[in-house]
Amino acid sequence: MSKVNSVNIKPIGRKTSALDKVLRVALYTVLITVAAFYLVPFIVMLITSLKDVEEIRTGTLLSLPSSLNFDSWVKAWSGACTGSSCGGISPYFLNSFQIVLPAVLISTLLGAINGYVISLWKFRGSDLFFAALLIGCFIPFQVILLPMARTLGWLGIANTTTGLVFVHVVYGVAFTTLFFRNFYQSIPGELVKAARLDGAGFFTIFYRIILPVSTPIIVVTVIWQFTQIWNDFLFGVAFSGFETQPVTVALNNLVNTSFGGKEYNVDMAAAIIAALPTLLVYIFAGKYFVRGLTAGAVKG
Amino acid sequence: MNSKASHSEPNQTRSGRPARLSLADWMPKIVMAPTVIITLVCMYGYMIWTAILSFTNSRMLPSYKFVGFEQYERLFNNDRWIVALTNLGVFGSLFIIICLFLGVVLAIFLDQKIRAEGAIRTIYLYPMAISFIVTGTAWKWLLNPTNGIEKMMVDLGFEDFKFNWLADPDMVIYCLVIAAVWQASGFVMALFLAGLRGVDGDLIKAAHLDGASTFTTYRRIILPSLKPVFFSALVILSHIAIKSFDLVAALTNGGPGYSSDLPANFMYAHTFTRSQVGLGSASAMVMLGCVLAILIPYLYSELRGERHE
Amino acid sequence: MANLVIENVKKSYGNTEILKGINISIKTGEFLILVGPSGCGKSTLMNSIAGLEDVTEGRILIADKDVTYTTPKDRDIAMVFQSYALYPNMTVEQNISFGLEMRKVPKEERQAEVQRVAEMLQISHLLNRKPAQLSGGQRQRVAMGRALARRPQLYLFDEPLSNLDAKLRVEMRTEIKKLHQKLGTTIVYVTHDQIEAMTLADRIAVMKDGEVQQLGTPQEIYDNPANLFVAGFMGSPAMNFIPAKVISQDGKPMLELATTSNVALPFPKQEALEAHIGKTVLLGLRPEMITEPQPHKEGQPFVTTTEVEVEVTEPMGADTMILTRVSDAEINCRSNPMYPAEAGSIIKMMFDTSKAVVFDQSTGQRLDK
């Protein structure tokens, strides 16, 4: 099967006519306009965050600041008011890391070992369970919010970062298992048979043979989980306390809190700060992110 | 044919001698047990719990006095819920249709051997990497009735330009659509682009030999072969729409009043803030119903399709 | 080295019976081949011998020890797989020594083993490469090396040559035979290629639908097939099956065929045919027993010359296959390429029934045992 990925094959004899050139220009125009549509909001955020309140009031969305004023950034980080405390979003930025890092680690590990079992050590009911797990991916979390809140209270971890780690692991393991299982489907079963005959056991095979070849999917899974958990708001707002809320919740509080006039520059700066980690991950590891997206969409 | 190392459970032989159970037989099950427990309890168990609560008269705390469908009746007599459901319908349909359309068109355009395709793709997709809260915050500023787009256009000379949708109860829902489309259409484009790239090149060559123009080739051959991608995108977009909570919280907080409320926000407000646990649970169950209404036909058709092959 | 006894082994998956009672006894150092069409259960049987699958009923004994419930690791078996199953992240050297490593063999010994095996298989120059950098034939040798290094009691080969191209397959076949002669190992080998089976085996077990149809030496299976299936499976081109009426001529039972005219052929085991006079049976005659008239065979007891009409000729180089119709069945005949035979012409052909067999038309069972 040849991978010619465009209809634009030029059969012999067809020269690029004037119409083709015009269409080409139109194509690029459309694409660039759309790109502008995607970029403008971020640019506006950036510009706004660098203005002072006066400039915002007198200028427009796209008017450039007279000078690069990072005051709002400093304020967003350490001085802005999120509800009743005014320490900026830095403590909550830290919270997010405290939540995200363990959650990503644990859910990825569980996903790997689950995927390993489901693909290569099938037992009676394992496929059925996988289907049940998959369906669980799709339920709207509204149906588990209250029971989970009560459970966290009962476990003594309500309003803690530990509690949030727990929640994110529980609801992330379905996705991570899916990713690893799909990846391990392409490992031949005979490899495991050979290893067993060689005398290797369950964990030895996983550690010596399967894990070393799992790097691509580990990267995809980690990036996907990092993005999902960092960007989460629902679990954050439902299960965290004031001290332990993640940066998304803090941002929302900051934006909706206004003592005196609204400080849009601070709001924008805070928003960019909150978005920075996942944006940076996307910029540097974007193609893995895309792979995660499309892999997640191609289920079973 | 790759045979998997399927390991059936050790069973008793007819002679009655018990098979020696080795650790290797149990290890896979032990290892999966935590996930199994978590799934059963925290997904299906909780669903049932919420379902039960929806049939009780719980207010601030769960109570277990059953009142039949009373909460559901209250729900559908609640104006705010009706508004939320209607909003979901409007928002959902527009969001899905526009995303699908944009996604397909952009994917086709990008498939035309564009220079700097990688860069453009990166730009189209980056919104998906940021939180809905950040998106909501950004668009809240952009669509700000006094300082946002309206002011910019007026200052540019269009004195009569009005854009106060954010403050208009009838139009605010469209603000949600704009922001959501901005966030998710790049993802749909990525899906379709991957699908386009997976089309067998020989098909296209055959179409060329048959004399089909580029447009016809797309319309009659390529796009029909993308039906699976289309349905995947549809299911995922529906899922995003039904679950939308973050965007509303950040962009409008349900306002003005509750004219831009969505079911997820309704549920949260009533369960956690307004001490209406029974009502909130009922609303959650209805949301679950919506998701199942889309998921089950999709899964059914997938399984049926497989059997045909 | 050890012997292997498979005693009444049955295997079912739920309601489907895959193995219906297999009884095979293999001597130490014997090369046994399991051959049969896909779905006959040979791979399942292999997995059961290796302990990778449980048996529903029956026993498996290696070196006279019951290993039916022993884990694969403890059965001391090595297996060579169709897809080689080399560990992708390890070098050739690490692949070969992995099994030894699992058995806690000290490093020097492991290295010595790897050297010994690599020399035997001529892969010493590949020791530091990874599987992805090897050709198919090289991977195959490494897979065999991995099995040899373990020096197990029993070797299992699961269609190891199927993924190689034809020429390489023939080369490797000879290598395997030479290794067996040199090392005297007990081998159970699965293939669907009956030429491999014939050339490599000490004994062959022909399987179909979970049962052993016949167990015997290659020559036994070839000359004395137990039923229609075995007769048609072994030998290429396949044995001809011709419907023939049993008639009585001069007091002796003969087989009547219709070519350009009717001809009666003699049959060695006359007593077997006595009971079936008047009925139609299936005569099994291999293509090499239907030839151009050969002067030195003229007059021999079971040789009959008659005329046939040629339908198609297939020149193969050393012989020419002639397709013709006898008793409304299409048959293959093997003739000297110099013998003139054009499509549509009528030629004389010599039918040698000294090694013929007859089968019941409906059951396929041998009638002349």
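Residues numbered from 1 in each chain as written. Chains lettered and ligands numbered in written order. Predicted model: local features only at pLDDT ≥ 70, side-chain atom pairs only at ≥ 80, totals over all residues. Heavy atoms only, no water.

Regarding the overall build of chain C
On a plain count of helices and strands, chain C comes out with 9 helices and 20 strands. Dimensions of chain C, computed from C-alpha atoms along their principal axes, come out at roughly 80 × 45 × 35 Å. Counting every position in chain C, which comprises 369 residues, the buried fraction comes to 54%. A separation threshold of at least 6 residues defines the contact pool for chain C, and within that pool the share at least 24 residues apart is 67%. Carbon and sulfur atoms make up 47% of the accessible area of chain C, which totals about 15,700 Å². (Helix = DSSP H or I, 4+ residues; strand = E, 2+ residues; numbered from the N terminus. Buried < 20%, exposed > 50% of the residue type's maximum accessible area, 1.4 Å probe, protein only. Contact = heavy atoms within 4.5 Å. Areas by Shrake-Rupley, 256 points an atom, 1.4 Å probe, with all protein chains shown as cover.)

Considering the interface of chain A and chain B
Counting residues at the interface gives 102 residues for chain A and 104 residues for chain B. At the boundary of chain A with chain B, total buried surface from both sides reaches about 9,700 Å², with 71% on carbon and sulfur atoms. One can count 0 salt bridges joining chain A with chain B. Scanning the region where chain A abuts chain B turns up 23 residue pairs in polar contact (both at pLDDT 80 or more). With 15 residues, helix α1 (residues 18-49) of chain A is the largest single contributor of residues to the side of chain A that touches chain B. Partitioning the side of chain A that touches chain B into residue classes produces 70 nonpolar, 22 polar and 10 charged. (Buried area = accessible area lost by both parts, 1.4 Å probe. Salt bridge = Lys/Arg side-chain N within 4 Å of Asp/Glu carboxyl O. Polar contact = N/O pair within 3.5 Å; in protein donor to acceptor, adjacent residues only side chain to side chain. Nonpolar A, V, L, I, M, F, W, Y, C, P; charged D, E, K, R; others polar.)

Concerning the confidence of the model for chain C
Averaged over chain C, the pLDDT score is 90; the fraction of residues at 70 or greater is 100%. Confidence estimates for the predicted assembly give a pTM of 0.81 and an ipTM of 0.85. (pLDDT = per-residue confidence, 0-100.)

Some details on the packing of helix α6 (residues 142-155) of chain A against helix α12 (residues 263-273) of chain B
It is at 10 Å that the axes of α6(A) and α12(B) come closest, and there the two elements cross at 20°. Classed by the angle they form, the pair α6(A) and α12(B) counts as roughly parallel. As α6(A) runs across α12(B), the sense of the crossing is right-handed. Here α6(A) contributes Q142(A), L145(A), L146(A) and A149(A) to the contact with α12(B), which in turn contributes A264(B), M267(B), Y268(B), T271(B) and F272(B). The residue inventory of the contact of α6(A) with α12(B), partitioned by class, reads 7 nonpolar, 2 polar and no charged. (Axes fitted to C-alpha atoms, helices over the stretch in contact; angles between N-to-C directions. Parallel < 35°, antiparallel > 145°, perpendicular 65-115°, else oblique. Left-handed = near helix turned anticlockwise from the far one by under 90°.)

A few points about the sheet that holds strand β7 (residues 154-158) of chain C
Sheet strands line up and pair through hydrogen bonds in the backbone, either parallel or antiparallel. All names here are of chain C. Spatially, β6-β7-β8-β3-β9-β10 is the arrangement adopted by the 6 strands of the open sheet, whose pairing is mixed. The open sheet terminates on both sides in strands that have one partner only, identified here as β6 (77-80) and β10 (211-216). With strand direction ignored, the average angle separating the axes of adjacent strands in the sheet is 20°. (Pairing = 2+ DSSP bridges.)

Here's the deal with the sheet that holds strand β19 (residues 346-352) of chain C
All names here are of chain C. Read across the open sheet, the 5 strands follow the order β15-β19-β16-β17-β18; overall the sheet is antiparallel. At either margin of the open sheet sits one strand with a lone partner, and together these are β15 (290-291) and β18 (329-335). As paired elements, strand β17 (residues 320-326) and β18 share 7 bridges and run antiparallel to each other. In the strand pairing of β18, T324 is matched with I331.

Thoughts on the state of the cysteines
For the structure shown, the criterion picks out 0 disulfides over all chains. As a non-bridged cysteine, C42(B) has C137(A) as the owner of its nearest cysteine sulfur, 14 Å distant. (Disulfide = S-S within 2.5 Å.)

Quick word on the pairing of strand β11 (residues 240-249) of chain C
Residue and element names in this part refer to chain C. Both β11 and strand β14 (residues 280-285) contribute to a ladder of 6 bridges, which runs antiparallel. Looking at the pairing, I242 lines up with L283 of β14. Bridge analysis of β11 against strand β12 (residues 252-258) gives 5 bridges, and the strand direction is antiparallel. Residue pairing across strands places S248 opposite P253, the latter belonging to β12.

Let's talk about helix α7 (residues 161-184) of chain A
Its 24 residues give α7(A) an end-to-end C-alpha distance of 32 Å, which sits within 8% of 34 Å, the value for a rise of 1.5 Å per residue. Judged by how many residues are buried, α7(A) sits mostly within the fold: 19 of 24 residues are covered. (Expected span 1.5 Å × (residues − 1).)

Concerning the pattern of salt bridges
All names here are of chain C. In the structure shown here, the tally under the stated rule is 25 salt bridges over all chains. Across the pair K297 and D352 runs a salt bridge whose closest N-O atoms are separated by 2.9 Å. In this pair, K297 sits in the loop between β15 and β16 (303-315) while D352 sits in strand β19, placing the two residues 55 residues apart along the sequence. Here K297 matches D352 in class, with each residue buried.

Brief notes about the nonpolar core
Among the nonpolar cores identified, the biggest contains 226 residues, and Y171(A), F95(B), Y124(B), L34(C) and V188(C) are the most heavily contacted of them. Here this core takes 18 residues from helix α7 (residues 172-197) of chain B, the largest share from any one element. If we skip the residues at most four places from it in the chain, Y124(B) touches L31(A), V34(A), A35(A), Y38(A), L106(B), L110(B), G186(B) and M189(B). Within the second largest apolar cluster, 44 residues are counted, among which are L134(C), V142(C), L161(C) and V206(C). (Core = buried A, V, L, I, M, F, W, Y, C linked by side-chain atoms within 4.5 Å.)

Overview of the pairing of strand β9 (residues 203-208) of chain C
All names here are of chain C. By the criterion of burial, β9 is predominantly enclosed, with 5 of the 6 residues buried. The pairing of strand β3 (residues 31-35) with β9 spans 4 bridges and is classified as parallel. Note that in β9 the partner of L34 across the bridge is A205. As defined by bridge partners, β9 adjoins β10 across 5 bridges and the pair is classed as antiparallel. Across the sheet, the residue bridging to M207 is V212, located in β10. Where β9 hands over to β10, the hairpin turn is made up of 2 residues, of which D209 adopts a positive phi near 50°.

Points about empty space enclosed by the protein
Taken as a whole and judged by the stated rule, the model has 8 cavities of 30 Å³ or more. Only α5 (126-138), α7, α10 (215-231), α11 (234-239) and α13 (264-297) of chain A together with α7, α10 (227-243) and α11 (246-251) of chain B provide two or more residues apiece to the lining of the largest cavity. Looking at the lining of the largest cavity residue by residue, the classes come out as 26 nonpolar, 12 polar and 4 charged. Its volume calculated, the second largest cavity comes out at about 100 Å³. Along the walls of the second largest cavity sit M144(C), A147(C), L148(C), Y155(C), F157(C), I176(C), L179(C), H180(C), L183(C), T185(C) and I187(C), which together make up its complete lining. Among the secondary structure elements, those contributing two or more residues to the lining of the second largest cavity are α4 (136-149), β7 and α5 (166-183) of chain C. When residues of the lining of the second largest cavity are assigned to their parent elements, the largest contribution, 4 residues, is made by α5(C). (1 Å grid on protein atoms, 1.4 Å probe; cavity = no way out; pocket = protein on both sides within 12 Å on 5 of 7 lines; lining within 4 Å. Points joined across faces, edges and corners; volume = space filled by probe spheres on them.)

Side note on the side chain of N265(B)
All names here are of chain B. Considering the arrangement of structural elements, one finds N265 in helix α12. A distance of 3.4 Å separates a polar atom in the side chain of N265 from the backbone oxygen of F245. Ignoring any residue separated from it by four or fewer positions in sequence, one finds N265 in contact with S244, F245, V248 and A249.

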